[in-house]
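A closer look at the structure
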Amino acid sequence: MYDGVDLRHFVKGAIMIVVGCFGWSCFMVLQGITLKSYPAELAMTAWICLLATVEGAILALIMKRTLHF
């Protein structure tokens, strides 16, 4: 505890930022590789948005069922 602030939150936040940046960079590399074999950029973007929407909806439903406020 440092001036009323729990330092564990800073460590968790730093780890989450690093993991997020790593995940985003992996996504960009995989997207570049995929676009070499699948050159329809607009269709690829539509697929990415569609799958992200489905993934987000599933995650929201799971979190809604497990978290009770």
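The following refers to the structure shown. (Residues numbered from 1 in each chain as written. Predicted model: local features only at pLDDT ≥ 70, side-chain atom pairs only at ≥ 80, totals over all residues. Heavy atoms only, no water.)

Points about the overall build of the chain
Along the backbone of the chain there are two helices and zero strands. Across the 69 residues in the chain, those meeting the buried criterion constitute 3%. Here the chain displays about 6,400 Å² of accessible surface, and carbon together with sulfur accounts for 76% of that area. (Helix = DSSP H or I, 4+ residues; strand = E, 2+ residues; numbered from the N terminus. Buried < 20%, exposed > 50% of the residue type's maximum accessible area, 1.4 Å probe, protein only. Areas by Shrake-Rupley, 256 points an atom, 1.4 Å probe, with all protein chains shown as cover.)

Re the packing of aromatic side chains
Geometrically, a pair of aromatic rings is defined through the distance of the ring centres and the angle of the planes. In the structure shown here, the tally under the stated rule is one aromatic pair. When the centroid spacing of 5.5 Å and the interplanar angle of 40 degrees are considered together, the rings of Trp-24 and Phe-27 count as tilted. Placement of the pair is Trp-24 and Phe-27 together in helix H1 (residues 7-37), with a separation of three residues, close to one helical turn. On the accessibility criterion, Phe-27 (31% relative accessible area) is partly exposed. (Phe/Tyr/Trp six-rings, centres within 6.5 Å; stacked < 30°, edge-to-face > 60°.)

Focus: H1
When the terminal C-alpha atoms of H1 are compared, their 46 Å separation across 31 residues agrees well with the 45 Å that a helix rising 1.5 Å per residue should span. For H1, the buried fraction is low: one of the 31 residues fall into the buried class. (Expected span 1.5 Å × (residues − 1).)

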